[in-house]
Amino acid sequence: MNDETKTPAHYAASTLSEALPFIQRYDRQTVVIKYGGHAMVDEALSEAFARDVVLLKHLGVNPVIVHGGGPQIASLLERLGIKSEFRDGLRVTDDATMEVVEMVLSGPINKSIVRAINKAGGKAVGLSGSDADLMKVRRASRTKKDPDSQVEQLIDLGFVGEPERVDVSVLKLLTDYDYDFIPVIAPVGFDGEGKRYNVNADTAAGAIASALGASRLLLLTDVAGVLDKDKQLIREIRADDLDGLIADGTVSGGMIPKLETATNAVKNGVGGAVILDGRAKHALLMELFTEHGAGTIVL
Ligand SMILES: Nc1ncnc2c1ncn2[C@@H]1O[C@H](COP(=O)(O)OP(=O)(O)O)[C@@H](O)[C@H]1O
Ligand SMILES: CC(=O)N[C@@H](CCC(=O)OP(=O)(O)O)C(=O)O
């Protein structure tokens, strides 16, 4: 049969057939998907995302979702007249901010993702890092050189947490093949005293992917991947390149914790971490089940 006589159904069937080696590669493998706040603003895209997650599950992959919600937190903080600032891509979090962060992440955002997946035929379960001892954190600290004295100064980020210990037992239970649940996790952790902490969603996803020994960590965001100074997509980054990319200003803002997460996850045994465009329909399927992949892979 030549190409002219092929119908769309023929193309669909051959696409499915070409996906076989990828379906075999990811059979029963855990893939942690970080669903960023910027990638969830469009309702049609959110529905497509939920359908793709359910399809992954039916194809034998074990998807675990960790979500963000930065823009949604920002909008509620603004409505409440609470000022917010970021340092090194992390939101400085005081008491009042923490209240809003937990309200937004563990409330409407988490539940809307759960409902979208369930509507598409999956069985999603909403959790936060505070459930079942999932994500114990320590207070995050950052330092900055004073430009005049060149002395390192401590930056206080307030209630920002860095994962210290991830207990994946609840995730193992939920994703057991007898039950087939899809965990959807809000990045709110707790410390040894039971205090709640705001964790950057990329960082949370990376820690969970490492603890699960995931084959892939997919970080969905609102850019095509990591861009160079000429705004061209960088297809591959090695862990050793990161410091240089930060130092020369190629990456900044929210891309810093994203790349730190990706490189740490790979160092900790995750098969590969990919930063990809959540605004592109079926980005997940393209990345996992086609030759082409999408975005920037960190190896
Ligand atoms: N080199 C870079 N390539 C791509 N994006 C970059 C780069 N440096 C900084 N960024 C910024 O990082 C943002 C992605 O991080 P963030 O806003 O935290 O996303 P998300 O909410 O999806 O986690 C991009 O929208 C872009 O503004
Ligand atoms: C400490 C810190 O910065 N926490 C983030 C948590 C949400 C998040 O990471 O959301 P996105 O992935 O959509 O950016 C915040 O408060 O915005």
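Residues numbered from 1 in each chain as written. Chains lettered and ligands numbered in written order. Predicted model: local features only at pLDDT ≥ 70, side-chain atom pairs only at ≥ 80, totals over all residues.

Undergrad: Can you help me understand the overall build of the chain in this one?
TA: Within the chain one finds 10 helices and 16 strands. Its C-alpha atoms give the chain a radius of gyration of 20 Å, within 12% of the compact-globule value 19 Å for 299 residues. Reported as C-alpha extents along the three principal axes, the dimensions of the chain are approximately 75 × 45 × 35 Å. In the chain, buried positions account for 42% of the 299 residues. When contacts within the chain are restricted to residue pairs at least 6 apart in sequence, long-range pairs at least 24 apart make up 75% of them. (Helix = DSSP H or I, 4+ residues; strand = E, 2+ residues; numbered from the N terminus. Rg over C-alpha atoms; globule rule 2.2 N^0.38 Å. Buried ≥ 20, exposed ≤ 12 C-beta atoms within 10 Å, placed from the backbone. Contact = placed C-beta atoms within 7 Å.)

Undergrad: Before we go on, may I ask you to explain the UniProt feature "binding site: substrate" (unreviewed entry) in the chain in this structure?
TA: Sites flagged by UniProt as "binding site: substrate" (unreviewed entry) map to Gly 69, Gly 70, Arg 91 and Asn 198. Spanning 130 residues, the named residues nonetheless gather at one spot, since no C-alpha pair among them exceeds 11.9 Å. Filtering out sequence-adjacent residues up to four positions away, Gly 69 remains in contact with Gly 37, Val 104, Leu 105 and Ile 109. Within the secondary structure, Gly 70 sits in helix 4 (residues 70-79). (UniProt positions renumbered as here; feature names shortened; annotations may be inferred.)

Undergrad: I would appreciate a short explanation of the sheet that holds strand 2 (residues 62-67) in the present structure.
TA: Strand pairing in a sheet takes place through backbone hydrogen bonds and is either antiparallel or parallel in direction. Taken in spatial order, the eight strands make up an open sheet running 5-10-2-1-13-15-16-14, and their pairing is mixed. Every other strand in the sheet has two partners, leaving strand 5 (124-128) and strand 14 (236-237) as the edge strands with one partner each. Strands in contact with helix 7 (residues 201-212) are strand 1 (30-35), strand 2, strand 10 (182-186) and strand 13 (216-221); relative to strand 1, the strand with the most contacts, it is inclined by about 175 degrees. (Pairing = 2+ DSSP bridges. Axes fitted to C-alpha atoms, helices over the stretch in contact; angles between N-to-C directions.)

Undergrad: How should I be thinking about the pairing of strand 15 (residues 273-277) in this particular structure?
TA: It is a general feature of regular strands that their side chains alternate between the two faces of the sheet. Taken across its five residues, strand 15 has four buried, putting it largely inside the fold. Strand direction decides the pairing type here: strand 13 and strand 15, joined by five bridges, are parallel. Residue pairing for strand 15: Leu 218 is matched across the bridge by Val 274. Taken together, the three bridges between strand 15 and strand 16 (residues 296-298) define a ladder with antiparallel strand orientation. Bridge assignment links Ala 273 to a residue of strand 16, and that residue is Val 298.

Undergrad: Explain the site of ligand 2 to me, please; I cannot follow it from the model alone.
TA: Taken together, 15 residues form the shell around ligand 2, and within it Gly 37, Gly 68, Gly 70, Arg 91 and Ala 201 come nearest. Looking at the shell around ligand 2 residue by residue, the classes come out as six nonpolar, eight polar and one charged. (Near = placed C-beta within 6 Å. Nonpolar A, V, L, I, M, F, W, Y, C, P; charged D, E, K, R; others polar.)

Undergrad: Could you clarify how one ought to interpret the packing of helix 4 against helix 5 (residues 95-119) in this entry?
TA: For any two helices packed against each other, one specifies the inter-axial angle together with the distance between the axes. Contact pair helix 4 / helix 5: the axes reach a minimum separation of 9 Å and the direction vectors enclose 130 degrees. Considering the angle they form, helix 4 stands oblique to helix 5. When you trace helix 4 past helix 5, the crossing you get is right-handed. Across from Gln 72, Ile 73, Leu 76 and Leu 77 in helix 4, the residues of helix 5 making contact are Thr 97, Val 100, Val 101, Val 104 and Ile 109. Here the residues of the contact of helix 4 with helix 5 sort into seven nonpolar, two polar and no charged. (Parallel < 35°, antiparallel > 145°, perpendicular 65-115°, else oblique. Left-handed = near helix turned anticlockwise from the far one by under 90°.)

Undergrad: It is not clear to me how the confidence of the model for the chain should be interpreted in this structure. Could you clarify?
TA: One rule of thumb: low pLDDT means the predicted coordinates there are not for detailed reading. Summing up the model confidence of the chain, the mean pLDDT is 92 and the portion of residues at 70 or higher is 99%. Per the prediction output, this complex has pTM 0.93; the corresponding ipTM is 0.95. (pLDDT = per-residue confidence, 0-100.)

Undergrad: Could you clarify how one ought to interpret the pairing of strand 13 in this entry?
TA: In terms of burial, strand 13 is a largely internal element, six of the six residues being buried. Burial along strand 13 is two-sided: the face carrying Arg 216, Leu 218 and Leu 220 and the face carrying Leu 217, Leu 219 and Thr 221 are both buried. Relative to strand 13, strand 1 is paired through five bridges, and the arrangement is parallel. In the strand pairing of strand 13, Lys 34 is matched with Leu 219.

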